[in-house]
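Single-letter residue listing:
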Amino acid sequence: MHGSSTEWKEDNSSPLKELFGKWFFALYLLAYAGFILINVVSPKLMATDMGSINVAIFYGFMLIILAMILAFAYNHFCTRAEEIMEDDNEISEEGV
Amino acid sequence: MNYEASVGSIILFIMIVILVLLISYHFGRKTKTSSSYYAAGGNIHWSVNGIAFAGDYLSAASFLGICGMIATAGYDGFLYSIGYLAGWIVALFLVAEPMKKLGKFTFTDALDAKFNSKGIKLASAISTLLVSMFYLIPQMVGAGSLITPLLGLPHWVGVVMVGSIVTIIVATAGMASTTYVQFFKGAMLLIFSIALVFLIFSRGISTNPDQGGEVPYHLFKTLKCNTVAENAVTISDSTYKIIGEVKGTGKVAMRFVKMQVGADISYWKLSEKDSTLTETLYMVNKKDGTVLFNGAPRGEKKFFQVGSMSKIDGKTDTKTGNLDVFTFIEKIKDGTVIRWTKNVTKDGEDKLSIFYQVPTPGKEILRPGNKFKVDSEKGATFTDKIDFISLMIALFFGTAALPHILIRYYTVPNPASARKSTIVAIGAIGLFYILTLYMGLGAMVNGVIDLSNDNMSAPLLAKSFGTLIFSIISALAFATILGTVSGLTVAAAGAVAHDLMDKYFDMKLTDKKKVFYGKMASIGVGAGAIFFGIIFKEMNVSYLVGWAFAIAASANLPAILMILFWKGTTSKGVMSSILVGLFSSLILIFLNQETYNNVYGLVGVVAPVQINNPAIFSVPLSFLTLFVVSLFTKNTRVGDDKKELSTASANE
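These numbers were taken from a predicted model, which means no experiment stands behind them.

(A) Molecular detail of the interface of chain B and chain A. Taken together, the contacts link 64 residues of chain B with 49 residues of chain A. Between chain B and chain A we count 5 salt bridges in total. Measuring nitrogen to oxygen at the nearest pair gives 2.7 Å for the salt bridge that ties Arg419(B) to Glu82(A). Counting across the chain B and chain A interface gives 12 residue pairs in polar contact (both at pLDDT 80 or more). Elements with a minimum of two residues in the side of chain B that touches chain A: α3 (46-57), α5 (75-102), α9 (327-333), α11 (382-398), α13 (415-445) and α22 (642-647) of chain B. Here the element with the most residues in the side of chain B that touches chain A is α5(B); it accounts for 15 residues. When the residues that make up the side of chain B that touches chain A are grouped by side-chain class, the tally is 37 nonpolar, 13 polar and 14 charged.

Right, here's the structure in full:
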């Protein structure tokens, strides 16, 4: 299961990936801050029924599952950005 | 609760130890260079690294501590699961790829990549050592807690055993053997936790949880009082002789009546409102070091396992059928749970810990507030709310600043692999944390909690399903500790040998010497971990890990983020930020109320700091320090060229 090398090419997609990272982080931070805020400002809301479960369980599970979904989405966008930038590099090298 | 070793447990335990030693031997022969010792040669596949991340991160605190806290406090324990997982978002979106690009072996390498500053090397190495030690202590405590039921040996033997095996793992092959031990443990822990949750669902819930018919649940008595006055309580039941009264500690006045039947002493909680006395469980710590459990040594089995529901679907004597992920929660939510609360007080010269029943509606169990006070209507103060916010900040910002997690970014070949392995980690860890809620609540209602050691809730829950599953879960919990302690030992040894000896003191070590001193440092760290693991025996492991997160979030994260995202950052700013974050968080921890009560044993003494988690002050203070110091020391700024970041360590 070992890869072959510890070196890598210059990464032109870094700025774009950094931007994705910041936006995804901001999105999750909002959801997490909302969880803390409800607990502190309106703790009773956490005990509100939501079918078999309640808001506290739902929100807790949602934060965990949202982290997974955002992680996969982030990887998808980053991989795509790396592929596009790599293609651009190859085109520009061929053109020189 | 008495603990007896089973043959199955011993066999499985020995198998795990042999497997771990074989892994170490296999990789030990290949580990000749500093790169292979500190970073497994940087060629671990991202999928293996991702599960190893989970194996590294899902520590004793996660498995033993969180399950124990959920079992005794309900949803509040699950807050740790949410916070621990959320922290990986910071690691993935902000830290993973840049850290891989900047660093080589240790977290200090990354912080110092652009400055080559002795001050950063020293500050960062000290921070790594302290954070790692704070994280190590609870793992070692967990090891001791586990070894008693697994092998029937005393706590200190478990600590020494784990310390010794981990020292062998790390001293032979460093990060390579550590990676595969963590991979194995991470994968197995997930598989068997899923199995345990299915067993919980298949058993259902009973108001008389008898552990599958194996252990009858002790029915705690309630006696009616004839008269209740100040220091004068009388009862009509002549079996009991009232011999004294003890006042509880805390904001709410509490009275416990001491009674005697024959030679047996018991304490009963007085309800002045109902004029009743309710049986409790108690522990006595005598001055000579003797500990009695309900008045007798542990071996006499007088300290009963607890945890039950008094009402399910409105009925007091009932049992459900098979349940699922939703109906299991629903039955608890709509019922009444007998929760147990502890009051630590004194009876003469002896320290007395009394555990008493608190019938609690399921709705209250499944929302925050049983441990962390957040509801003003239930007496939560402004300080309580700040404390809660502070804890959630520490958990969120601590993960991406833990040195033993960050060094795992150097074991993969490139930044994309660092990112992908983080995503695998989030998937595995997220799934496990969802399972913790079911394992913790399962322990809460299955009559398996040992109140003298709530860290054992998950393994004891497994024990209620038979010796085999208990043996597997316990052996895995032991492997869990081995995996995490190995990672921490590598991080701490790297700080000593690589950051301090090689870089800070500029000893110009040859590659062979770097490996040699790394191994020596790991032996030293192992010895320190054993010492502290024995001293801090009685603390809840998740609570201690909360400190490690707070210190890491305060000392390391501001420096990491500002280096990555603010060009005005200077070396003096980074160094100051680490030191201010580190020492401000430590001071706030050492002076807070929980430390006074649980570490110094100062019962009834008011501590100068009432906030138990320092992050809400120390994290902003560390950011502010970096910002202000950097403004005044502009000549050593981070380079503007982003490309430098992209290729900083690629060609090292």
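(B) Structural context of the nonpolar core. Core analysis: the biggest nonpolar cluster contains 212 residues, and Tyr28(A), Tyr32(A), Tyr57(B), Trp88(B), Tyr433(B), Leu441(B) and Phe478(B) have the highest contact counts within it. Per-element tally for this core: the top contributor is α5(B), with 19 residues. In contact with Trp88(B), not counting residues within four places along its chain, are Phe53(B), Tyr57(B), Thr399(B), Ile405(B), Tyr409(B), Thr422(B), Ala425(B), Ile426(B) and Ile429(B).

(C) Layout of unusual backbone geometry. Residue and element names in this part refer to chain B. With a phi close to 55°, glutamine 211 is a non-glycine residue in the positive phi region. On the secondary structure map, glutamine 211 appears in the loop between α8 (155-203) and β1 (222-229). A positive phi angle, near 55°, is found at serine 275, a position not held by glycine. Secondary-structure assignment places serine 275 in the loop between β5 (264-271) and β6 (276-279).

(D) Focus on helix α19 (residues 571-590) of chain B. For α19(B), with 20 residues, the first-to-last C-alpha span of 29 Å sits near the 28 Å given by 1.5 Å per residue. Of the residues making up α19(B), those classed as buried are Ser571(B), Gly573(B), Val574(B), Ser576(B), Ser577(B), Ile578(B), Gly581(B), Leu582(B), Ser584(B), Ser585(B), Leu586(B) and Ile589(B).

(E) Molecular detail of the domain arrangement of chain B. Residue and element names in this part refer to chain B. Its domain assignment divides chain B into domain 1 (7-27 + 34-204 + 387-647) and domain 2 (222-386). Each of domain 1 and domain 2 has a C-alpha centre, and these two points are 34 Å apart. If you look at the interface, domain 1 gives 38 residues, while domain 2 gives 43 residues. Here domain 1 meets domain 2 over a buried area of about 3200 Å², counting both sides, of which 67% is carbon and sulfur. Summed over the three residues of domain 1 that lose the most area to domain 2, namely Asp76, Phe201 and Leu451, the buried surface amounts to 19% of that side. Taken together, domain 1 and domain 2 are joined by 1 salt bridge. Counting the contacts that link domain 1 with domain 2 gives 25 residue pairs in polar contact (both at pLDDT 80 or more). Among the secondary structure elements, those contributing two or more residues to the side of domain 1 that touches domain 2 are α4 (60-73), α5, α8, α11 and α13. Here the side of domain 1 that touches domain 2 gets 6 residues from one element, more than from any other, and that element is α13. Counted by class, the side of domain 1 that touches domain 2 contains 22 nonpolar, 10 polar and 6 charged residues.

(F) Expanded view of the environment of Phe590(B). All names here are of chain B. Relative to the assigned elements, phenylalanine 590 resides in helix α19. According to the relative accessible area criterion, phenylalanine 590 is partly exposed, its value standing at 38%. Sequence spacing of phenylalanine 590 and asparagine 612 is 22 residues, and the spatial spacing of their C-alpha atoms is 9.5 Å. What phenylalanine 590 contacts, discounting residues up to four positions off in sequence, is Phe134, Thr595, Tyr596 and Tyr600.

(G) Summary view of the sheet that holds β6(B). Residue and element names in this part refer to chain B. The antiparallel open sheet is built from 6 strands, whose spatial order is β2-β1-β6-β5-β4-β3. Of all the strands in the sheet, the pair left with one neighbour each is β2 (232-235) and β3 (241-247). With strand direction ignored, the average angle separating the axes of adjacent strands in the sheet is 40°. Here strand β4 (residues 255-261) pairs with β5 via 6 bridges, running antiparallel. Bridge pairing in β5 places phenylalanine 256 opposite lysine 269.

Reading the values: rules and limits
- Residues numbered from 1 in each chain as written.
- Chains lettered and ligands numbered in written order.
- Predicted model: local features only at pLDDT ≥ 70, side-chain atom pairs only at ≥ 80, totals over all residues.
- Heavy atoms only, no water.
- Contact = heavy atoms within 4.5 Å.
- Salt bridge = Lys/Arg side-chain N within 4 Å of Asp/Glu carboxyl O.
- Polar contact = N/O pair within 3.5 Å; in protein donor to acceptor, adjacent residues only side chain to side chain.
- Helix = DSSP H or I, 4+ residues; strand = E, 2+ residues; numbered from the N terminus.
- Nonpolar A, V, L, I, M, F, W, Y, C, P; charged D, E, K, R; others polar.
- Core = buried A, V, L, I, M, F, W, Y, C linked by side-chain atoms within 4.5 Å.
- Buried < 20%, exposed > 50% of the residue type's maximum accessible area, 1.4 Å probe, protein only.
- Expected span 1.5 Å × (residues − 1).
- Domains from an automatic or database assignment.
- Buried area = accessible area lost by both parts, 1.4 Å probe.
- Pairing = 2+ DSSP bridges.
- Axes fitted to C-alpha atoms, helices over the stretch in contact; angles between N-to-C directions.

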